[in-house]
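What follows is each chain in one-letter form.
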Amino acid sequence: MSAQAAFAAALVDPALPCPPGLLAWNGSDPARRFAVYRNNVVVSLIDALADGFPVVQALVGDQFFRAMARRYVVDRPPASAVMAEYGDDFADFIAGFAPAAGLPYLADLARLERCRVTACHAADAAAIDPAQLAAALADPATLPDLRLALHPALRVLASDYAIVALWAAHQGVGALAEVHPGRPESALVLRYGLDVEVIGITAAAAAFVASLAAGYCLGQAMAAAGAHEAAFDPTAILATLIAKGAVCTVCTASARHPQGEHHD
Amino acid sequence: MNQQLTAASLALALGAALTVAASPALAADKMADKEKCFGVALKGKNDCAAGPGTTCAGTSKIDYQGNSWSLVPKGTCQKTASPTSPTGFGQLAAFKEKKA
């Protein structure tokens, strides 16, 4: 192990000895100085996670959250210097964290909070002029082949648990005591203006949006939604996407335009 | 669902969706009374957009950076002093800073 790797490993694991070869500027014990530094590193990473996952923290309490986060920091120290990216796989870690097994919805709630952070930092993109969509209506036969490029901040998350209601209850919308955590819910996360919004949608609508986001055309997205709900009506979800500026460009699959390119 | 039926229901849905989306309740544009103003944010205080290699909000490296913007009330941007701006004021598009 290189000196740097040994230093990094000892930073997050108190069981490891102080790396050799350290000197303190004032001649004090390097092991003590290193312990202070190690504590600052770990605590600042736990604080970063607490900032990004406030509802997870509220659901399990500070003490449980900080203990869980500490284990995560030790197991999976940051791979990037950008703190906003730290915690990308925190939800996966929670899913495998045995002490949290009693709260099966916790991992998906963490996924929802992660979606909000990544949506906040996603690139800007201009919304489509509705007139362009209206123009597509002139030839209805081509509609199933239409591709909608969605906003880079848009995320969709389908869950077996009531993640939207649980999250909303922590924003002062609805009472936590009245939420049935075992009710499946899907969330649409998008950035409208400068605000990240969480919108509850049906499982069929979630399949529809996920299909569009993956680059499939409207007809294929309808089929994906139809698997959840035979008589799926896309009006509501299309209205939401358009009104929230989440549709950026449109092109037909037959026109050989790469996805995302502007097409008149 | 066959292709024709899908086309018909999509036409209905998209038409209705456009109407709903244009209704005042949903169309209340949050940005309507604001504008993005480039070159007026102090270092690290930009709302968003500050060049390659940065991740948006709070990442501008210098005061009055020309490619970082702040959200300001509409109409005030080009009246806000910006020492780095060639016009001497904030601008509605990114610009190259002159020496302040």
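What you see is a predicted model; the values in this text were computed from it and never measured. (Residues numbered from 1 in each chain as written. Chains lettered and ligands numbered in written order. Predicted model: local features only at pLDDT ≥ 70, side-chain atom pairs only at ≥ 80, totals over all residues. Heavy atoms only, no water.)

Turning our attention to the pairing of strand E4 (residues 195-201) of chain A. All names here are of chain A. Counting buried residues in E4 gives 5 out of 7 residues, a clear majority hidden from the surface. Taken together, the 7 bridges between strand E3 (residues 185-192) and E4 define a ladder with antiparallel strand orientation. The residue of E4 that forms the bridge with Tyr-192 is Asp-195. The hairpin turn running from E3 into E4, its antiparallel successor, is 2 residues long, and Gly-193 in that turn takes a positive phi close to 65°. (Buried < 20%, exposed > 50% of the residue type's maximum accessible area, 1.4 Å probe, protein only. Helix = DSSP H or I, 4+ residues; strand = E, 2+ residues; numbered from the N terminus. Pairing = 2+ DSSP bridges.)

Below, the discussion takes up the interface of chain A and chain B. The interface is formed by 28 residues belonging to chain A together with 25 residues belonging to chain B. Summing both partners gives a buried area of about 2200 Å² for chain A against chain B, and 77% of it is carried by carbon and sulfur. Across the contact surface, chain A and chain B share 0 salt bridges. Inspection of the region where chain A meets chain B yields 0 residue pairs in polar contact (both at pLDDT 80 or more). The set of elements that each furnish at least two residues to the side of chain A that touches chain B consists of helix H7 (130-136), E4, helix H10 (218-226) and helix H11 (235-243) of chain A. Its residues assigned to classes, the side of chain A that touches chain B shows 19 nonpolar, 4 polar and 5 charged. (Contact = heavy atoms within 4.5 Å. Buried area = accessible area lost by both parts, 1.4 Å probe. Salt bridge = Lys/Arg side-chain N within 4 Å of Asp/Glu carboxyl O. Polar contact = N/O pair within 3.5 Å; in protein donor to acceptor, adjacent residues only side chain to side chain. Nonpolar A, V, L, I, M, F, W, Y, C, P; charged D, E, K, R; others polar.)

One can read the domain layout of chain A as domain 1 (1-103) and domain 2 (124-264). The C-alpha centroid of domain 2 of chain A is placed 37 Å from the C-alpha centroid of domain 1 of chain A. (Domains from an automatic or database assignment.)

All names here are of chain A. Applying the stated criterion to the full structure yields 12 aromatic pairs over all chains. Consider the rings of Phe-65 and Phe-90, whose centres lie 6.0 Å apart with planes at 80°: the pair is edge-to-face. Placement of Phe-65 in helix H4 (residues 62-75) and of Phe-90 in helix H5 (residues 90-95) is noted, with a sequence separation of 25 residues between them. Side by side, Phe-65 and Phe-90 carry an identical accessibility label, which is buried. Ring centres of Tyr-105 and Tyr-161 lie 6.5 Å apart, and the angle between their planes is 65°; on these two criteria the pair is classed as edge-to-face. Of the two residues, Tyr-105 sits in the loop between H5 and helix H6 (106-121) while Tyr-161 sits in the loop between strand E2 (155-159) and helix H8 (163-169), which places them 56 residues apart along the sequence. The exposure class assigned to Tyr-161 is partly exposed, which follows from its relative accessible area of 24%. Taken together, the ring pairs connect Phe-53, Phe-64, Phe-65, Tyr-72, Tyr-86, Phe-90, Phe-93 and Phe-97 into an aromatic cluster. (Phe/Tyr/Trp six-rings, centres within 6.5 Å; stacked < 30°, edge-to-face > 60°.)

Leu-148, Leu-188, Phe-208, Ile-237 and Leu-241 of chain A are the most contacted members of the largest nonpolar core, which totals 40 residues. Of the residues forming this core, the biggest block, 7 residues, is contributed by helix H1 (residues 3-22) of chain B. Look past the residues within four positions of Leu-241 of chain A in its chain and what remains in contact with it is Leu-154, Leu-188, Val-209, Leu-212, Ala-246 and Val-247 of chain A. Counting 28 residues, the second-largest nonpolar core is a separate cluster that includes Leu-49, Val-73, Ala-91 and Phe-97 of chain A. (Core = buried A, V, L, I, M, F, W, Y, C linked by side-chain atoms within 4.5 Å.)

Turning to the environment of His-170 of chain A, a few remarks are in order. Residues and elements named next belong to chain A. Note that His-170 resides in the loop between H8 and E3. Each C-alpha atom, one on His-170 and one on Ala-126, is 31 Å from the other, the two residues being 44 residues apart in sequence. Residues in contact with His-170, not counting those within four places in the same chain, are Val-55, Ala-58, Leu-59 and Leu-176. Polar side-chain contacts of His-170 include one of 2.9 Å to the backbone oxygen of Leu-166.

Residue and element names in this part refer to chain A. Under the 1.5 Å per step criterion, the end-to-end length of helix H2 (residues 30-52) is 33 Å for 23 residues, consistent within 8% with the ideal 33 Å. For H2, every residue scored as buried is listed here: Phe-34, Arg-38, Val-41, Val-42, Leu-45, Ile-46, Leu-49, Ala-50 and Gly-52. Where H2 is buried, its residues meet helix H1 (3-12), helix H3 (54-60), H4, H5 and H6. N-capping of H2 is provided by Asp-29, with a side-chain oxygen placed 3.0 Å from the backbone N of Ala-31. (Expected span 1.5 Å × (residues − 1).)

The next thing to look at is the sheet that holds E4 of chain A. Residue and element names in this part refer to chain A. The antiparallel open sheet is built from 3 strands, whose spatial order is E2-E3-E4. Edge positions in the sheet fall to E2 and E4, since each has one partner strand and no second. Each adjacent strand pair in this sheet contributes to an overall mean axis angle of 20°, direction not counted. Note that E2 and E3 share 5 bridges and pair antiparallel. What sits directly across from Leu-157, in E3, is Ala-187. Contacts from H6 reach E2, E3 and E4 within the one sheet, and its direction differs from that of E3 by about 15°. (Axes fitted to C-alpha atoms, helices over the stretch in contact; angles between N-to-C directions.)

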